[in-house]
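# Structural characterization, general
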Amino acid sequence: MSITAFSIKNSRLVLFIFIILTITGLALYPDYPSREEPTLPINQTIITAYHPALDVYETEALIARPIERALRELEETKNITTSIRAGEIYLSLEIKDGTPSYSHAWLRVRARMHDVLTELPEGVSGPFVNDNYDAVAVMTVALSATDYSFRELRDKANELRNYLYSIPGMDKVTLHGVADEQISIELKPFVASQYALNPNDIFLQLSKSNSLGEVARINFDTQQSRIFVESSYDELAEVKETVISLPDGSMLPLKNLADVTRVPARPLNSAAYLDGDQAIVVAGYMAPGLNMVDFNKQLRRKLDEWESELPVGYQMKTITDQGKVVDQVISKMISTLLETILVVTIVTVLALGLRAGSLVALAVPVTGVITLVFLRIFGVELNEVSIASFIIALGILVDNPMVIVEDISKRVAQGEERESAALSAGKTLGTPILIASLTVILAFAPPVFTDNITAIYMQTLTIVIGVMLLVSWFVATMLTPIMAKWFINQSSKTRGISGGKPSYVMNVMSSFWDKVISRPKLFLSASVLSLVVALFVSSTIPEAFFPPSERSQLQISVELPANTPAEQTAAVAEEMTQWLSNDDRFPEITGATAYVSEGGPRFILGLNPPEPAPHSAYFVVNVTKDTLVSEFVDKLRAEMPPEYPFAELEINPFFMGSTPPGEAAIRLIGNKQSNILKASDAIQGALNEVEHTINVKQDWERSVTNFLVKVDRPAALSTGVTREDILLALREHSLGENASVLREGEYQIPIVLSTNLSENLSLSQLENIQVFPESSSKPVYLSDIAIIETRHDPSLIKKRNLTPTVTVTALNPSMTSKELVNSISNTIDEVKEQFGVQVQFGGEIEESEVTAEAIFAFLPLCILAMIILFIYKYNSFRKVTIIVLSVPFCAIGLLLALVIFRLPFDFMANLAIFALIGIIVSNAMLIIEQVDIEKESGKSELDSLKSALMERFRPIMLTQITTILGLLPLLIANDPLWRSFNVVIMGGLISGTVASFIVVPSLYVLFFNKKSANA
């Protein structure tokens, strides 16, 4: 018994199941989990470690190397990228695609970092493992205050954080731009001479007055109690009143000997600015599995309530709101989806008549709603990719009910009973359309079999289309025949189906096919020639990876000269945000936020926050919705650099991949640092000579000036000065020495002792620093026991997989990354030979190649599975060969479409080609299927072919036109992610359908031109 026969026999049960599934899908939709983009596992973690006493070379040797070796020994390790500065490392670990469990891998990383501690020098902080690198904030708000201290602003931000934790579904809340503070103690000039007071004495007295040690325990009867000693410092006034014992035995409060103030910590650890005002950014993260639109509505309501109770003088402003973005994206895509359903309905009704067309139109939304039920089971969220997948699938799945309804209508029009027509249609076409559906699913399947992150991003497309096509098959073979049995009118003739006089179009096509059948080699040669011409034209199509995003935001990376203190970077960032937010200058900008020494929260999946550095800042600039971001970026690129000539600026729109579209990244790898830096200079010089190239730079920064104190050991020994005494004196005369802490709730404010009266020291002042030996109260000038030498060190050393690596990046708006690299290919070859360096291409080029390799690795398996299905169906190698050879002619239309629309050959275009393979083979399958049916009636081979072409022309044209028109709303929506995908599908379907009526009959005649040809 066929599935259609079962459905008609048990029609009430089948209807009940479909009704329940439809109601369930409708009930799920309002609270269906939603995000802007698919949720992806990020196979990357950040590891940091610090030791302030080490220079850049010591840091590389003593910290970076042991950690790198330990990580390289892990079987999951794919790439290790290390940034090394004096006293700190910032290491990015990328694990292999396909690692079974990322969480288990991170546990092994933590265990290995614990093991490596024994190899690291004493005093190292870390290694710290941040395996929450993929968290995406659903909303960020900036809190600022004009009439309050930063401490009060910080406390208010903490209050907001605690308030947000009360919202159901809030996963975590982070604060950004919280600048640490310190209690600064600067000794007055007369202290040392008037009181013969050694700064070390003050340091020791402060450190002992507020230390944390073991508490005493005492037993009272049968219970034990702890005895605590009250903390000395709970507020600034208590620090000022600290009693200092002088050498003569007298005592004075600290405020009489030093200026005691609360100031920002030096060096500045972090800062944030919004429109010229210092701010703290609060980022909220949603728990998985929730509807982001509903969650953010609740979040906005709670924030409005909290803001209404803010004291006057505080300001709160939203920086990013992913809920609104998701709402806009989903609303736009749902609107496009409804337009697609409307287009499909109109086309089917016009083609098949009201009753038959309505049955096809009904099958489309029923399939979509039921699909929601199964997608919820599979954990697929609503996002831009999944909804676009619905739209694409609708244009494809309409083939299934349309073929069934068209066949039933034709049979009824020819006088067959409705139930018999429904049974016959299901029995005859059920298997072919199932194979056609499975073929389409297999064409979309390659991303499912790979663990490449970019391919995983598109796995949602495969899952949605696969589920929808299978559901569509069940609807077409179970529900549609039942409805057709009841609603197809026996007496009336469905439009265009009755067997009267052939139409003018069919007469023209009949004459055309007579020529094709009589001269197959000529028509086949013409088709092949057209394909060759299209392939030749395709050489003008540029290659790309992902298109740029069209968000109403842009990003600016600012880098000041290496060794610029964070305080100066903060001042520049503050001034820049003020300059950008000037309404008269840039009315397009609605807000400019800067993060100093950090990249701020990740608020979109593709955002890669820059590495933290005291001389860098990262800006997020919001613009009005009607602003063309690409044009405004060009405007800023022209106007901003002249205003800030001392800074390196990178101004870019946001992008969908992990690297800017079109940016070329060239890695120069070698063990000799001088050689890779010279090679880098040559590459940069060549790139600068390419017209319109911008943002040319390498990632090692400039060398910096440091000082080396060379101690005269005999002189130091004779005066009792140790290395620790010298370091203490240098710290006290520069940024200061931590003497104690002031405990303020959860915060510990360091109390820093300093004898430096100015922010900047000259070399002569440095040489005249007084060093106090621990064993003596008599100071010694530093110049008496040491000499100070100047040296130039790298500000930054970059390594990739344990080898020094310089990465040169550049962007040319008029070229793709490959074109830019090819334009300097001669220089690349020269530096390889001259400096003995290895050259690798990173960024967009590497990502596209790795992704293509991962996907294409499984494409042959999917094609093999398709061929197995064809052989199972037809049991003929020749027929399968005809089906397979009909596919390449899709390239004629898709390549010309890309040329006409001036679109690049990107990742989505490649994915569309896979889809075309599955869609277009159904044409050849239907023709060959009909040939077999005609042959069973006793017709000859060529007569059967001609009849099959005449019989299947209208259904094939209807389904392909419906598919093309169904994709039209998505093309008109002009979403950058789907632009090339739609153009490739539509162009490929047009040429592929035309080719089906030329190539398939030509090949069939050549393969089966003998009267009794058997497979």
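The shown structure was predicted, so the numbers you read here are calculated from the model rather than taken from an experiment.

## Some thoughts on the overall build of the protein chain
Broken down by element type, the protein chain carries 37 helices and 30 strands. Going through the 1015 residues of the protein chain one by one, you find that 55% of them count as buried. Within the protein chain, residue pairs in contact and separated by at least 24 positions form 81% of the contacts whose partners lie at least 6 positions apart. Total accessible area computed for the protein chain in this model is approximately 44700 Å², and 56% of it derives from carbon and sulfur atoms. Positive and negative charge centroids in the protein chain, built from 80 and 111 side chains respectively, lie 12 Å apart.

## Brief notes about the pattern of salt bridges
The full count for this structure, using the stated rule, is 34 salt bridges. Close ionic contact of arginine 65 with glutamate 60 constitutes a salt bridge, the shortest N to O distance being 2.9 Å. Residue glutamate 60 is classed as buried on the basis of its relative accessible area, which comes to 11%. For glutamate 941, the salt bridge identified is with lysine 935, shortest N-O distance 3.1 Å. Counted as one network, the salt bridges with shared partners bring together Asp407, Lys410, Arg411, Glu416 and Glu951.

## Details of the nonpolar core
Residues Leu580, Trp978 and Phe981 are the most contacted members of the largest nonpolar core, which totals 263 residues. Considering each element in turn, this core owes the most residues, 18 residues, to helix H34 (residues 907-936). Excluding its chain neighbours within four sequence positions, the residues that come into contact with leucine 580 are Ile556, Phe586, Ile589, Ala592, Phe619, Val621, Leu636 and Met640. Counting residues in each nonpolar core, the second largest holds 23 residues, with Leu197, Ile244, Ala258 and Ile749 among its members.

## Considering the domain arrangement of the protein chain
Under the domain assignment, the protein chain is made up of domain 1 (1-30 + 353-489), domain 2 (41-133), domain 3 (189-209 + 223-256 + 704-794) and domain 4 (504-540 + 876-1014). Averaged C-alpha coordinates put domain 2 and domain 3 at centres separated by 34 Å.

## Some details on helix H32 (residues 877-885)
The complete set of buried residues in H32 reads Lys879, Val880, Ile882 and Ile883. The arc that holds every buried residue of H32, seen down its axis, measures 155 degrees, which confines them to one face. Taken together, the buried residues of H32 touch helix H31 (859-874), H34 and helix H37 (999-1007). Between a side-chain oxygen at the N-terminus of H32 and the backbone nitrogen of arginine 878 the separation is 3.4 Å; the capping residue is serine 876.

## Details of a negative patch on the surface
On the surface, Asp277, Glu574, Glu575, Glu639 and Glu643 cluster together to form a negatively charged patch. Of all the secondary-structure elements, those providing two or more residues to the negative patch are helix H21 (566-580) and helix H22 (629-643). Residue classification places glutamate 575 among the partly exposed positions, given a relative accessible area of 37%.

Rules used throughout
- Residues numbered from 1 in each chain as written.
- Predicted model: local features only at pLDDT ≥ 70, side-chain atom pairs only at ≥ 80, totals over all residues.
- Heavy atoms only, no water.
- Helix = DSSP H or I, 4+ residues; strand = E, 2+ residues; numbered from the N terminus.
- Buried < 20%, exposed > 50% of the residue type's maximum accessible area, 1.4 Å probe, protein only.
- Contact = heavy atoms within 4.5 Å.
- Areas by Shrake-Rupley, 256 points an atom, 1.4 Å probe, with all protein chains shown as cover.
- Lys, Arg positive; Asp, Glu negative; His and termini not counted.
- Charge placed at Lys NZ, Arg CZ, Asp CG, Glu CD.
- Salt bridge = Lys/Arg side-chain N within 4 Å of Asp/Glu carboxyl O.
- Core = buried A, V, L, I, M, F, W, Y, C linked by side-chain atoms within 4.5 Å.
- Domains from an automatic or database assignment.
- Arc of directions from axis to C-beta.
- Polar contact = N/O pair within 3.5 Å; in protein donor to acceptor, adjacent residues only side chain to side chain.
- Patch = residues over 30% accessible without salt bridge, like charges linked within 9 Å, V, L, I, M, F, W, Y side chains within 5 Å.

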